[in-house]
Amino acid sequence: MTKLPFGSRLEAASSSDAISVASFNLLAPLYIRPIDQRTGEIQPFAAFEWVKDYDLLRNETRLPRLLTCLENCDTDFICVQELQLERGTEDHNTPCKTNEKKSQPFILPAWIKPLLSKYQIILPSQQQLEKIAERNRRVLLADVAVTNGIFYKSNKWAPDSCNSRQSEVDDEHTTTCITHAFRSVNKDVASIVISSIHLDASREEKRCGQLQRCLGQAASFSSNPSHPYVLPLIIAGDFNCELSVGSCVSAFIANTSDDDNSNNSSSPKEEEEEVNKLRECAAALRIPLTSVSPDQEKQWHRLYEDVQTYVYDNCWVLKRVQTGFTRMALDHDELPSSTESSQLSLKPWKLDHFLYTSNTLEAVNYWATLEEDDESASTGLPNERVPTDHLPLAAIFKVLPHPQLNEGLRKQLLTSLEELELKQDADTRETNAEIDSEKINLEEKLKLKEQVKVEEAPKRKRKPHPEMIQHIRQSRVLKKQLKQTQIVERQQFVSGSSVLERMELQHALGMTCNEWIEKGRAK
């Protein structure tokens, strides 16, 4: 993986079998020093106290420079966050009823429209944009929609028409992620799923839920009854977290310790894992390490394990491009809130990332980040060089053939699955038959013993004989033991299986491996 100078034009660097993607948090004008109606004040993160030259924040000067950056990157896809849409102008030629208030649709702002000479864009529906705008009207008194979008080069890519499912996503998800599948116009490159994401800034559980829904949406574009393999996926955007080892969001990534977040190439020991999780729990809660309660630590572990289970169940193999710091701003958590901003220091964060399916894509090149930008490190963002508060990212990915299980191994796997299920079905039938036979024999024995005929039985239901109660209890124990034995057998069958084997198993079963282990398959 090669690091390129920031701002390099990536079209020339990409080959015919490669895909170039950029990610820009545009810094919506609405979020620059607004008055929050809930507090009557400007939120500290939106005050930009370190920016002394207001010209760097003015739309008239900042947005044209931002457009130039977008045009110069020249990537196949540009994932944008904090894209502020505006109301279209009213068409006076369109008749409307008296007293009828007609809302004009949200459209791209004029400053970014020149990008449409080479790109088209995927946006949420107007209905979803209206829901986004409602919050801004309530909190910031502005009738605008701030959302994510995906620009794509229309001469190379087209939306996959059979997979237009974004409208099915819940409205909350639309404010944090927009996902779509694209096919190559020239058919030289495999179809791909691109996601532009902007995760919650405050709560780890929300970030995990948002990323999980993003992956679920991506998987839905890949649904194919003939095979279990998903399309290549690239997720780009502002994750609002550093994906450090021990964070719950980092559990989405395969072999996190191999990422540049780790100081060594070996997996951390169990003790180190616990320390990492405790540290990240405290960081996410914005409290001192010593203030984390046992309950908070327990909840963190549960969330981490839930993410691991989701990744395992859905056979995701995600890696992160090794980009560095992308935001340089004042750290308002550094000192008590009463501290003057002049006493705070600029701090770098790794908030923007590329995640990709490493079994179908290889990261080849990427832009350098703030470690190699002394000016931004000293002045913060935005500045003269970077007209937004997050350093944009860009990378080139090479599409790989999706690995598939050898046909012989696939047949052997499915045959072994069938044999195990047949065996377990036979064991279940045999156990039930033994229990039923013992019950019949016991009933006959009790009839003779008590010399009671069926037709002479009292109308009122009698309490079962003690021997029959004992039989029922023993039967339940036998069935429970058999169930546990079969769970262990299914667990041993799945244990140690590769991702490709689990994909094939789950495709055949119609459920996750964990669901099959716990419940088996209904016949």
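What counts as what
Residues numbered from 1 in each chain as written. Predicted model: local features only at pLDDT ≥ 70, side-chain atom pairs only at ≥ 80, totals over all residues. Heavy atoms only, no water. Buried < 20%, exposed > 50% of the residue type's maximum accessible area, 1.4 Å probe, protein only. Helix = DSSP H or I, 4+ residues; strand = E, 2+ residues; numbered from the N terminus. Pairing = 2+ DSSP bridges. Contact = heavy atoms within 4.5 Å. Salt bridge = Lys/Arg side-chain N within 4 Å of Asp/Glu carboxyl O. Axes fitted to C-alpha atoms, helices over the stretch in contact; angles between N-to-C directions. Parallel < 35°, antiparallel > 145°, perpendicular 65-115°, else oblique. Nonpolar A, V, L, I, M, F, W, Y, C, P; charged D, E, K, R; others polar. Expected span 1.5 Å × (residues − 1). Patch = residues over 30% accessible without salt bridge, like charges linked within 9 Å, V, L, I, M, F, W, Y side chains within 5 Å. Areas by Shrake-Rupley, 256 points an atom, 1.4 Å probe, with all protein chains shown as cover. Lys, Arg positive; Asp, Glu negative; His and termini not counted. Charge placed at Lys NZ, Arg CZ, Asp CG, Glu CD. Polar contact = N/O pair within 3.5 Å; in protein donor to acceptor, adjacent residues only side chain to side chain. Left-handed = near helix turned anticlockwise from the far one by under 90°. Core = buried A, V, L, I, M, F, W, Y, C linked by side-chain atoms within 4.5 Å. Phe/Tyr/Trp six-rings, centres within 6.5 Å; stacked < 30°, edge-to-face > 60°. Lys NZ or Arg CZ within 6 Å of the ring centre and 35° of its normal.

### What to know about the pairing of strand E6 (residues 145–153)
Moving on, step 1. Burial analysis of E6 places nine of its nine residues in the buried class, the great majority of the element.
Moving on, step 2. Pairing between strand E3 (residues 77–87) and E6: seven bridges, direction antiparallel. Its bridge partner lying in E6, Gln84 is registered against Val146.
Moving on, step 3. As judged from the four bridges shared by strand E5 (residues 119–122) and E6, these two strands associate in the antiparallel manner. By the bridge assignment, Ile122 is partnered in E6 with Ile150.

### Things to note about helix H10 (residues 499–509)
Moving on, step 1. For H10, the full list of buried residues reads Leu500, Arg502, Met503, Glu504, Leu505, Gln506 and Leu509.
Moving on, step 2. Looking at the buried positions of H10, the neighbouring elements they touch are helix H6 (294–313), helix H8 (407–450), helix H9 (466–494) and helix H11 (513–519).
Moving on, step 3. Looking one or two residues beyond H10, the residue adopting positive phi is Gly510, at roughly 75 degrees.

### Observations regarding the pattern of salt bridges
Moving on, step 1. Within this structure, the stated rule accounts for 24 salt bridges.
Moving on, step 2. Residue Asp36 pairs with Arg38 through a salt bridge whose shortest N-O separation is 2.8 Å.
Moving on, step 3. Residues Arg385 and Asp373 are paired through a salt bridge, measuring 2.6 Å at the closest nitrogen-oxygen approach. Highlighted residues: Arg385 in the loop between helix H7 (374–379) and strand E16 (393–399) and Asp373 in the loop between strand E15 (361–367) and H7, separated in sequence by 12 residues.

### Details of the pairing of E3
Moving on, step 1. A large share of E3 lies buried, amounting to nine of its 11 residues.
Moving on, step 2. Of the pairings in the sheet, the one linking strand E2 (residues 18–25) to E3 comprises five bridges and is parallel in character. If you follow Asn25 over to E3, its bridge partner there is Gln81.
Moving on, step 3. Both E3 and strand E4 (residues 106–107) contribute to a ladder of two bridges, which runs antiparallel. Across the sheet, Glu86 pairs through a bridge with Ile107, a residue of E4.

### Some words on the packing of H8 against H9
Moving on, step 1. Two numbers describe how H8 lies on H9: the axes approach to 11 Å, and their chain directions differ by 175 degrees. Judged on the interaxial angle alone, H9 and H8 are roughly antiparallel.
Moving on, step 2. Class assignment of the residues belonging to the contact of H8 with H9 gives a composition of 10 nonpolar, eight polar and 11 charged.

### Considerations on the sheet that holds strand E8 (residues 177–184)
Moving on, step 1. Taken together, the six strands give an open sheet; going across it, the order is E7-E8-E9-E10-E14-E11, and neighbouring strands pair in mixed fashion. Since the sheet does not close on itself, it has two edges, and those belong to strand E7 (157–159) and strand E11 (318–320), each with one partner. Averaged over all pairs of adjacent strands, the angle between their axes in this sheet comes to 30 degrees, without regard to strand direction.
Moving on, step 2. As paired strands, E7 and E8 are joined by three bridges and run antiparallel to one another. Each bridged residue has a counterpart across the sheet, and for Pro159 the counterpart in E8 is Phe182.
Moving on, step 3. Sitting on the sheet, helix H4 (residues 204–221) is in contact with E8, strand E9 (192–198), strand E10 (233–238), E11 and strand E14 (352–357), with an inclination near 25 degrees to E8.

### Here's the deal with the environment of Cys208
Moving on, step 1. Among the secondary structure elements, Cys208 is positioned in helix H4.
Moving on, step 2. Residue class for Cys208 comes out buried when judged on its relative accessible area of 3%.
Moving on, step 3. Remark: the alpha-carbon pair of Cys208 and Ser250, spanning 42 residues in sequence, is separated by 9.3 Å.
Moving on, step 4. For Cys208, the contacting residues outside a window of four places in its chain are Cys248, Val249, Phe252, Leu303 and Val307.

### Re H9
Along an α-helix, a turn takes 3.6 residues, which lines up residues three or four apart on a common side.
Moving on, step 1. Over its 29 residues, H9 extends 42 Å from the first C-alpha to the last, a length consistent with the 42 Å expected when each residue adds 1.5 Å.
Moving on, step 2. The set of residues buried in H9 consists of Met468, His471, Ser475, Leu482, Gln486, Ile487, Glu489, Arg490 and Val494.
Moving on, step 3. Those residues of H9 hidden inside the fold are in contact with H6, H8 and H11.

### Observations regarding a negative patch on the surface
Moving on, step 1. Taken together, the side chains of Glu270, Glu271, Glu272 and Glu273 define an acidic patch exposed on the protein surface.
Moving on, step 2. By the element assignment, Glu270 lies in helix H5 (residues 270–285).

### Description of the side chain of Gln84
Moving on, step 1. Secondary-structure assignment places Gln84 in strand E3.
Moving on, step 2. A residue is classified by how much of its surface remains accessible, and Gln84, at 18% relative accessible area, is buried.
Moving on, step 3. Looking at Gln84, its side chain comes within polar contact range of the main-chain nitrogen of Leu30, at 2.7 Å.
Moving on, step 4. Every residue in contact with Gln84, bar those within four places of it in the chain, is listed here: Ala28, Pro29, Leu30, Pro109, Val144, Ala145 and Val146.

### A few points about the packing of H8 against H10
A pair of packed helices can be characterised by two numbers: the angle between their axes and the separation between those axes.
Moving on, step 1. In the contact formed by H8 and H10, the axes pass within 10 Å of each other and the chain directions differ by 50 degrees. Of the possible angle classes, the one that applies to H8 and H10 is oblique. Two packed elements cross with a definite hand, and for H8 against H10 that hand is right-handed. Counted together, Arg410, Leu413, Leu414, Leu417 and Glu421 of H8 and Glu501, Glu504, Leu505, Ala508 and Leu509 of H10 form the full contact between these two elements.
Moving on, step 2. Grouping the amino acids of the contact of H8 with H10 by side-chain chemistry returns six nonpolar, no polar and four charged.

### Thoughts on the nonpolar core
Moving on, step 1. Ranked by internal contacts, the top residues of the largest apolar core, which has 34 residues, are Ile197, Leu211, Leu215, Ile235, Phe239, Phe252 and Trp316.
Moving on, step 2. Mapped by element, the contributors of at least two residues to this core are E8, E9, H4, E10, H5 and H6.
Moving on, step 3. With sequence-adjacent residues up to four places away left out, Phe252 is seen in contact with Cys208, Leu211, Gln212, Leu215, Val307, Tyr310, Val311 and Leu318.
Moving on, step 4. Among the nonpolar cores identified, the runner-up in size contains 29 residues, and Ala18, Leu83, Ile112 and Phe151 belong to it.

### Some words on the packing of aromatic side chains
Moving on, step 1. A complete count under the given rule lists 10 aromatic pairs for this structure.
Moving on, step 2. An angle of 70 degrees between the planes, with centres 6.4 Å apart, marks the rings of Phe252 and Tyr310 as edge-to-face. Taken together, the positions of Phe252 in the loop between E10 and H5 and Tyr310 in helix H6 put the pair 58 residues apart, joining distant regions of the chain. The exposure classification of Phe252 matches that of Tyr310, with both residues buried.
Moving on, step 3. Between the aromatic rings of Phe493 and Trp516, the centroid separation amounts to 5.9 Å while the plane-to-plane angle is 70 degrees, which identifies the pairing as edge-to-face. Of this pair, Phe493 sits in helix H9 while Trp516 is found in helix H11, placing the two residues 23 residues apart along the sequence.
Moving on, step 4. Taken together, the ring pairs connect Phe77, Tyr152, Trp157 and Phe182 into an aromatic cluster.
Moving on, step 5. Positioned over the ring face of Phe325 is Lys350, at 5.5 Å from the centre of the ring.

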